[in-house]
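# A look at the structure
These are the residues of each chain, in order.
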Amino acid sequence: MERWYDTLQKLCKTLDCHVQMAEPLRNHTTFRIGGTCAAFVNINSVEALRQVLKFCQSHGVSYTVMGNGSNILAADSGYEGVIIHLGRDFSEIRHSGNTLCCQAGATLAKIGKFALEESLSGMECLAGIPGTVGGALYMNAGAYGGEMANVVVSARYMLPDGTVQKIMRDQMHLAYRSSIFRGNTWIILDVTLQLEPGKYGVIKEEMDTLMARRRAKQPLELPSAGSTFQRPVGSYASFLIDQCGLKGASVGDAQVSTKHAGFVVNTGKATCRDVLELCEFVKQTVQEKTGYCLELEPVILGDPNQKVEFE
């Protein structure tokens, strides 16, 4: 009897999709943490996505969607199902006037560069975020006073049955690090952005300035998932963590950055367990000393308490 992953390989070949079996997730997350997934499928079209979804459902195989892996903490035991990757093979950008229609796998950096070359303003605050536009809309990513809610017009998404629908910005429930896409099974296919005409030199200067600020203040030289904690109402996570004297605190190779207290970084071979233990220590200390309750920002992929099966 043919195994499901052999059947998946054959399907991906007919769809011209690249698939990697028993693929380490640490190779696909910015934290450089995570065990092995059963299959990692690089989606290259809407129809390929539809067929892979249908396959997973008909074979009872679990699946999850991943973009750039920049807001994910993957379990040491990995993920037993299929990772549906919307990345480079699904990253086309179409341009019409001041509007950009971007496939979900297009990175914010790529979109920012495209906007700059077309002298379109609006991506300056977002271009330095290391994620895809699909992931950015999913969590309404933002930085330096800007967020996806400021530029998104609409999006198309796929339901689990393969149906494609369109949603407008006012229906997305966009709020701080939140959208209607969180907590449901919709898969973002493409995002339409409305930008404004600008001057190339002015746009480039702003992008360069913000990137310089990032490099100066954030530990970009070490693997991380970006900001580790959400901003609590009335304060800032980094301020509270710093105030509690937690810069440099560590568990294994997971460390509260000495450069920016809002980042937990991987200084070598940190595990998911290291990160979670450190984060729990930070949360308890901050709550005891300040009364604020911090919440994790990264999405946890897999079961951190499961026995490690892959190395």
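Residues numbered from 1 in each chain as written. Predicted model: local features only at pLDDT ≥ 70, side-chain atom pairs only at ≥ 80, totals over all residues. Heavy atoms only, no water.

Backbone geometry places His 173, a non-glycine residue, at a positive phi of 55 degrees. You can see His 173 is positioned in the loop between strand S12 (164–168) and strand S13 (187–194). Even without being a glycine, Arg 177 presents a positive backbone phi close to 50 degrees. Inspection of the secondary structure puts Arg 177 in the loop between S12 and S13. (Helix = DSSP H or I, 4+ residues; strand = E, 2+ residues; numbered from the N terminus.)

Further remarks concern the packing of aromatic side chains. If you walk through the whole model with that rule in mind, you get five aromatic pairs. Between the aromatic rings of Tyr 157 and Phe 181, the centroid separation amounts to 6.2 Å while the plane-to-plane angle is 75 degrees, which identifies the pairing as edge-to-face. Residue Tyr 157 is found in strand S11 (residues 152–158), and its partner Phe 181 is found in the loop between S12 and S13; the two are separated by 24 residues along the sequence. Each member of the pair, Tyr 157 as well as Phe 181, is classed as buried. (Phe/Tyr/Trp six-rings, centres within 6.5 Å; stacked < 30°, edge-to-face > 60°. Buried < 20%, exposed > 50% of the residue type's maximum accessible area, 1.4 Å probe, protein only.)

The next thing to look at is the packing of helix H3 (residues 108–117) against helix H5 (residues 200–217). Closest axis-to-axis distance for the H3/H5 pair is 9 Å, and the angle between their directions is 155 degrees. Compared by their axis directions, H3 and H5 come out roughly antiparallel. Taken together, the residues of H5 that come into contact with H3 (itself represented by Gly 112, Leu 116 and Glu 117) are Tyr 200, Ile 203, Lys 204 and Met 207. Grouping the amino acids of the contact of H3 with H5 by side-chain chemistry returns four nonpolar, one polar and two charged. (Axes fitted to C-alpha atoms, helices over the stretch in contact; angles between N-to-C directions. Parallel < 35°, antiparallel > 145°, perpendicular 65-115°, else oblique. Contact = heavy atoms within 4.5 Å. Nonpolar A, V, L, I, M, F, W, Y, C, P; charged D, E, K, R; others polar.)

Position of Gln 51 relative to the elements: it lies in helix H2 (residues 46–58). Between the C-alpha atoms of Gln 51 and Lys 289, which are 238 residues apart in sequence, the distance is 52 Å. Gln 51 has contacts with Leu 11 and Leu 15, leaving out every residue within four places of it along the chain.

You can see Gln 218 is positioned in the loop between H5 and helix H6 (237–243). Discounting residues that sit within four places of it in the chain, Gln 218 has contacts with Tyr 144, Arg 213, Lys 259, His 260 and Phe 263.

Here we come to the sheet that holds strand S7 (residues 99–103). Ordered by their spatial adjacency, five strands build an open sheet running S6-S7-S13-S11-S12, and the pairing between neighbours is antiparallel. Single-partner strands in this sheet number two, and they are strand S6 (93–96) and S12. The mean inter-strand angle of the sheet, taken between neighbouring strand axes irrespective of direction, is 15 degrees. Inspection of the sheet shows S6 paired to S7 by four bridges, in the antiparallel sense. The residue of S7 that forms the bridge with Ile 93 is Cys 102. Contacts between H2 and the sheet are confined to S11, S12 and S13, with S11 contributing the most and set at about 45 degrees to the helix. (Pairing = 2+ DSSP bridges.)

What follows deals with the pattern of salt bridges. A full pass over the atoms with the stated rule returns seven salt bridges. Of the charged contacts in the structure, one is a salt bridge between Asp 6 and Arg 3, with a shortest N-O distance of 3.0 Å. What makes Asp 6 partly exposed here is its relative accessible area of 21%. Taking the relative accessible area as the measure of exposure, Arg 3 reaches 46% and is therefore partly exposed. Of the charged contacts in the structure, one is a salt bridge between Arg 156 and Asp 190, with a shortest N-O distance of 2.8 Å. Of this pair, Arg 156 sits in strand S11 while Asp 190 sits in strand S13; the two residues are 34 residues apart in sequence, bridging distant segments of the chain. (Salt bridge = Lys/Arg side-chain N within 4 Å of Asp/Glu carboxyl O.)

Purely geometric stuff here, so don't read any function into it on its own.
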